[in-house]
Amino acid sequence: MSELYDLLDYSTLLSKKKEIRQSLLQDRNLLEIKIAVLCGGTFGTAKDFLEIFLLSYGIKPNFFIGDYNRYYEEACFENPQLKEFSPDFILVYVSNKNLMYYEQTEENHLTGEQDKWRNIWNDLHDRYHCSIIQNNFEYYPYRHIGNGARALAGGNIQYVDAMNELVSKYAQDNTGFYICDINYMSAYVGLANWFDDRMWYLYKYPMAMAHLPRYALNVANIIKAVMGKNKKTLITDLDNTLWGGVIGELGAQGIELGTETPRGHSYTDFQKYLKDLSKWGIVLNIASKNNYQTGIQGLQLKKSVLREDDFVFKEINWEPKGDNIAGILTKLNLLPEAAVFLDDNDMECDSVKGAFPQIEVIQVKDVKAVMDRLDTLSYYEMASISSDDRKREQYYKDNRKRELLKKQYASYEEYLDSLHMECIQSAISMENMERVVQLLNKTNQFNFMTNRYSIEQMEQLSGSADYRSYVLRLEDKFGDNGIIAVALVKTDSDCALITDWVMSCRVFGRNIEKLMLHIIAEDCMEHSVKHLYGCYRGTEKNKPIADFYDRYHFAKYDGGAFPNYRNNSVLWECSDLNMLKQITETNNIILRRENHE
Amino acid sequence: MSETLERVNEVFRTVFEDDTLVINEGTNAEQIEKWDSLQHINLLAVLEETFGITFDIDEIVAMENVGDIVSIIEAKKK
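Residues numbered from 1 in each chain as written. Chains lettered and ligands numbered in written order. Predicted model: local features only at pLDDT ≥ 70, side-chain atom pairs only at ≥ 80, totals over all residues. Heavy atoms only, no water.

(A) How the structure looks around empty space enclosed by the protein. Residues and elements named next belong to chain A. Under the defined criterion, the tally for this structure stands at 1 cavity of 30 Å³ or more. The computed volume of the largest cavity comes to approximately 270 Å³. As for the largest cavity, its lining consists of 23 residues, and the residues nearest its centre are Ala225, Val226, Ser384, Gln438 and Lys442. Elements represented by at least two residues in the lining of the largest cavity include exactly helix 11 (212–226), helix 18 (387–406) and helix 20 (433–442). A per-class count over the lining of the largest cavity returns 10 nonpolar, 6 polar and 7 charged. (1 Å grid on protein atoms, 1.4 Å probe; cavity = no way out; pocket = protein on both sides within 12 Å on 5 of 7 lines; lining within 4 Å. Points joined across faces, edges and corners; volume = space filled by probe spheres on them. Helix = DSSP H or I, 4+ residues; strand = E, 2+ residues; numbered from the N terminus. Nonpolar A, V, L, I, M, F, W, Y, C, P; charged D, E, K, R; others polar.)

Put into structure tokens, the structure is as follows:
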């Protein structure tokens, strides 16, 4: 939804919110979540704004809004209403007005303050087992003793720094705890603009009304990242996008790039921005109309920050861009909605928009504006990072080598053999929890139920006695693919149901799904399970696996087992586990078991 | 309808998301169902933006109807 950027204007958002809300609610694939807001100030209209932004990400929120300035009591004491509400997210909506700096006189007042906040977070985690979003703290608008306020012990600016350090440290040490960085936001718009004292004195809004949309968007961005709704890749044009001018006309030496000219300098900065994105695992690709040799010369220049190697797929040719983009997405196994496309040409932008309405198309007129947009809308918001994230680019590069290899083999089986695949099986544990939850939440295509989990929910589920979990990591001759498949199986006497099963799109067509079924069948037999069930809930994106169980001779089931799953999904049954074990035998993958328990 | 009142009327339509809303100087919060304290704040913020003015706290507290709003705006514009 490209208009999102315009909605940061308070009056525009206010006047259109009803209309936008109604149109967004039409989408039937909305993901419902529950958000509790514990308030240190008035949340008010921020609730409507947050709802709009979440809806635009395909997320439908239900709210529990706590009482004004009761965040501490509501967090740290028994709270049956909140318990009953059972939130997925708790937003601790506070500001520097909620710090005790001005109420304290003792030397060590900071210790008491820090204990208070740690108690809030620990209590919330222990009681509600959900994700927590904590506002950090803006600086005070006044600093009394000038620069000393930061330099001297007890200064109010230093106090805020210490508090923010505490929040950051807590986020690093605790999964499922996220920072809503109002310190950054207030600095971005300027402290003098951020506050509106009248709004605080009269109505207890901790920020000027004009910034409520930016605040709400920032919260929505954290939630969409946790729920796996981020963009994953970027496809960019070359001429007048990564450098100034047309390389085919000016030659490599003639394009504007590098710090010698002002315009060239701006492209250098833009390239740095994209290079930084790729360091965080965002896959960069090129779709450019040029002769390959000509286009690539731009990236071979010494002054080009982005190198040939920084891109995974480089479609530099005269084919229609739509075809090239479709090809890149297929090779990455990604859906259009996971991509951002950059191009300076309005006709190209329009045609890509027409062909792929879900791709975020950004027309490049001024690279500064593009950076502002990429940054503010935070397409690549990263709520947490798993080691697999940073390696993603490498995975795709290795995949490219695999593709090349594929062409050398007569049969597909022969090709699979040549990969020397080795799967390492383990159960869900604290060690792999972050990646497991991420895979469950991010996977849309090979995902039977599209259930989304917080780390806390998964800890509880995988820890309970009637669940067994299967996590597969894949290595092959090109390297480590990381954790690529997860399944959860619920057992009930001699019946077992695969309640969740996801597989990364990076490893489609490698017999991993076959191996997983084999592992589950074998494990079931060892535990005297007679009937294995699978379930499937259709979405826009997982249609290709609608008949998956049929392919392995499961039969549609409408008997009495697992009644809770009947409402929203199709159940499949396999009563001959021996047969299942046999037909899922794979010769291309060596299996190793790792025990974390 | 004075020009100021007309523009205030527009702001009311925006904030209350009702294109048919017609107000006069006597209109107050009791006559518009959605005019609660939450919307009152939004109303003030959009009025400030539209007219490029800033209301003082005392003015905000004393406002009782559309007539008050219009006269404060007109006084500030002079």
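(B) The arrangement of the interface of chain B and chain A in detail. Contact residues are listed per partner, giving 19 residues for chain B and 18 residues for chain A. Between chain B and chain A, a total of about 1600 Å² is buried, with carbon and sulfur atoms accounting for 60% of that surface. Here chain B and chain A share 2 salt bridges between them. For A:Lys17, the salt bridge identified is with B:Glu17, shortest N-O distance 3.6 Å. Counting across the chain B and chain A interface gives 7 residue pairs in polar contact (both at pLDDT 80 or more). The set of elements that each furnish at least two residues to the side of chain B that touches chain A consists of helix 1 (3–16), helix 2 (37–51) and helix 3 (57–62) of chain B. Sorting elements by how many residues they give to the side of chain B that touches chain A places helix 2 of chain B first, with 10 residues. Across the side of chain B that touches chain A, the residue classes tally to 10 nonpolar, 5 polar and 4 charged. (Contact = heavy atoms within 4.5 Å. Buried area = accessible area lost by both parts, 1.4 Å probe. Salt bridge = Lys/Arg side-chain N within 4 Å of Asp/Glu carboxyl O. Polar contact = N/O pair within 3.5 Å; in protein donor to acceptor, adjacent residues only side chain to side chain.)

(C) Molecular detail of the layout of surface pockets. Residues and elements named next belong to chain A. In this model, the second largest pocket occupies a volume close to 1400 Å³. Together, 42 residues line the second largest pocket, and Ser378, Tyr380, Glu381, Met382 and Ala383 are the ones closest to its centre. Breaking the lining of the second largest pocket down by element, the ones donating at least two residues are helix 7 (156–173), strand 5 (177–180), helix 8 (182–189), helix 11, helix 13 (262–279) and helix 17 (367–377). The element contributing the most residues to the lining of the second largest pocket is helix 17, with 6 residues. Here the residues of the lining of the second largest pocket are counted per class, giving 22 nonpolar, 12 polar and 8 charged.

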